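Here is how the chains run, residue by residue.
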Amino acid sequence: MDFIQTIILAIVQGVSEFLPISSSAHLILVPKLGDWVDQGLAFDVVLHLGTLSAVIFYYRHSIGEIIVAFFSKNPNADVDAKLGWGVIVATIPVGIAGLLFKGVIEDNLRSPEVIAYATLLFGLLLGLADYLNRKRGTFKADIGWLDMLIIGIFQALALIPGTSRSGITITAALLLGFGYKLALKFSFLLSIPVIVLSSLLIFVDLYQTPEPVNWIFLATGFLTAGIFAYLTLYFFIKSLEKISMLPFVAYRIILAAVLLAFF
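These numbers were taken from a predicted model, which means no experiment stands behind them.

Looking now at the overall build of the protein chain. Scanning the protein chain from terminus to terminus reveals 11 helices and 0 strands. Listing each helix as α and each strand as β along the protein chain from the N terminus yields α-α-α-α-α-α-α-α-α-α-α. Taken over the C-alpha trace, the protein chain has a radius of gyration of 18 Å; the compact-globule value for 263 residues is 18 Å, and the two agree within 12%. A principal-axis box enclosing the C-alpha atoms of the protein chain has dimensions of 50 × 40 × 35 Å.

On the surface, Trp85, Ile88, Ile92, Ile96, Leu100, Phe101, Val104 and Trp145 cluster together into a nonpolar patch covering about 750 Å² of accessible area. If you tally residues by element for the nonpolar patch, the top one is helix α5 (residues 79-108), at 7 residues. As for its placement among the helices and strands, Ile96 is situated in helix α5. The exposure class of Ile96 is partly exposed, given its relative accessible area of 46%.

Turning next to the pattern of salt bridges. Counted according to the given criterion, the structure contains 3 salt bridges. Across the pair Asp130 and Arg134 runs a salt bridge whose closest N-O atoms are separated by 3.0 Å. Of this pair, Asp130 and Arg134 both sit in helix α6 (residues 112-135), 4 residues apart, roughly one helical turn. Asp130 sits in the buried class, given a relative accessible area of 2%. Under the relative-accessibility criterion, Arg134 is labelled partly exposed at 48%.

Between the first and last C-alpha of helix α10 (residues 215-243) there are 39 Å, a value that for 29 residues agrees with the 42 Å anticipated at 1.5 Å per step. At Ile237, α10 shows its strongest bend, of approximately 35 degrees. Looking one or two residues past α10, Ser244 carries a phi angle of roughly 60 degrees, positive in sign.

Take unusual backbone geometry next. Here the phi dihedral of Ser22 falls at roughly 75 degrees; this positive angle occurs in a residue that is not glycine. Take Ser22: it is sitting in the loop between α1 (3-16) and α2 (23-34). Despite not being glycine, Ser244 shows a phi value in the positive range, around 60 degrees. Inspection of the secondary structure assignment puts Ser244 in the loop between α10 and α11 (246-262).

Another point: the packing of aromatic side chains. According to the stated counting rule, one finds 8 aromatic pairs in the structure shown. Sitting above the plane of the Phe57 ring, Arg60 keeps its charged end 4.1 Å from the centroid.

Here we take up the nonpolar core. In this structure, Val55, Phe186, Phe188, Leu189, Phe236 and Met245 are the most contacted members of the largest nonpolar core, which totals 41 residues. No other element matches the 9 residues that helix α9 (residues 180-208) contributes to this core. Beyond its immediate sequence surroundings of up to four residues, Met245 is in contact with Pro20, Leu126, Asp130, Ile170, Tyr180, Leu184, Phe236 and Leu240. Formed by 11 residues, the second largest nonpolar core is a distinct cluster that contains Leu27, Val30, Phe43 and Val46.

Following both chains from N to C, one finds helix α4 (residues 60-72) and α5 inclined at 95 degrees, their axes separated by 7 Å at the closest point. On the basis of the axis angle, α4 is roughly perpendicular to α5. Note on element contacts: α5 touches α4 through Asp80, Ala81, Leu83, Gly84, Trp85 and Ile88, opposite Glu65, Ile66, Ala69 and Phe70. Among the residues forming the contact of α4 with α5, the class breakdown is 7 nonpolar, 1 polar and 2 charged.

This paragraph deals with the environment of Leu47. If you trace the backbone, Leu47 turns up in helix α3 (residues 41-58). Judged by relative accessible area, Leu47 falls into the buried class, the value being 0%. When sequence neighbours within four positions are dropped, the list of residues in contact with Leu47 reads Leu9, Ala10, Gln13, Leu27, Gly221 and Ala225.

Scoring rules and cut-offs
- Counting starts from 1 at the beginning of each chain's written sequence and moves along it residue by residue.
- Totals for whole chains, interfaces and linings use every residue, but because this is a predicted model, local features are given only for residues with pLDDT of at least 70 and side-chain atom pairs only at 80 or more, for both listing and counting.
- To obtain the side-chain values, all non-hydrogen atoms of the structure were used and water was disregarded.
- Every helix listed is a DSSP run of H or I at least four residues long, and every strand listed is a run of E at least two residues long, numbered separately from the N terminus.
- Note that the radius of gyration is over C-alpha atoms, with the globule rule given as 2.2 Å times the number of residues to the power 0.38.
- Candidate patch residues must exceed 30% relative accessible area and have no salt bridge, after which like charges are joined if within 9 Å and Val, Leu, Ile, Met, Phe, Trp or Tyr side chains if within 5 Å.
- Note on areas: Shrake-Rupley, 1.4 Å probe, and residue coverage restricted to the protein chains presented here.
- In what follows, salt bridge is the name for a side-chain nitrogen of Lys or Arg lying within 4 Å of a carboxyl oxygen of Asp or Glu.
- Only protein chains enter the calculation, and the probe is 1.4 Å; a residue is then buried if its accessible area is under 20% of its type maximum, exposed if over 50%, and partly exposed in between.
- By definition here, a helix of n residues has an expected span of 1.5 Å times n minus one.
- Two axes enter the bend calculation: one fitted to the seven residues ending at the residue in question, the other to the seven starting there, and the bend is the angle between them.
- Here a Phe, Tyr or Trp ring, Trp counted by its six-membered ring, pairs with any other such ring whose centre lies within 6.5 Å, and the pair is stacked when the planes are under 30 degrees apart, edge-to-face when over 60, and tilted otherwise.
- In this analysis the charged atom, NZ for Lys or CZ for Arg, is taken to sit over a ring once it is within 6 Å of the ring centre and within 35 degrees of the ring normal.
- Buried residues of nine kinds, namely Ala, Val, Leu, Ile, Met, Phe, Trp, Tyr and Cys, make up a nonpolar core once their side-chain atoms join them within 4.5 Å.
- Between two residues, a contact is recorded if the distance between any of their heavy atoms is within 4.5 Å.
- Interaxial angles span 0 to 180 degrees and are taken between N-to-C directions of axes, which are lines fitted to C-alpha atoms, for helices over the stretch in contact.
- The scheme is simple: roughly parallel for angles under 35 degrees, roughly antiparallel for over 145, roughly perpendicular for 65 to 115, oblique for anything else.
- Residue type decides the class: Asp, Glu, Lys and Arg count as charged, Ala, Val, Leu, Ile, Met, Phe, Trp, Tyr, Cys and Pro as nonpolar, and the leftover types, Gly among them, as polar.

Take a look at the structure:
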């Protein structure tokens, strides 16, 4: 990779990680469209850690409250404690699925065609969830144990490139009757253990297949991905109730059509 490619891929990761448009799909497609060499495992880890730092910094106060409540309160009596348990419970399905199907996904599901159909299907499902959500008058204020498990099962589908981890978890939360604010907060908090687990898996692969490391490019990628991820989080959360999910659904439909037409 050269410096420009580093910046572009870091921006793509930072912007797409938390928008419901699938960061993995874009990180696969952008190099294909540019006819670039594979960016390498080390760079993938750094980009993920950059977006991880952004979500931790954005929710730093909530994370602190959740940690304190998690160790000191009854999870059924305290919202923050229950949210902490929710992150753990909802992470279990994707962790199991990732370990069981990692090889199958990498070998068979990274094609533009799979990405196109996943982008279209789960984009339409997001649109349906958003439509039903906007017709509701009241929303759930608390995440129940069954809600956690269902959102976690939905999250496991994000292992399919093109699904979007944030998109599918937000979809599940909206279908279950949560408002935008809680749906986004839970989805983005869920990204923390998922990014950590995926980074650990990539570290294992990286250890087994050592690659030359360009520390300047890695540092640039980390900072760029982190900055753009934080800005995306900030503006997405602030503006969502005004714009709804419709622009992202439309983007996914157009992207799927382009992929099916040209690949």
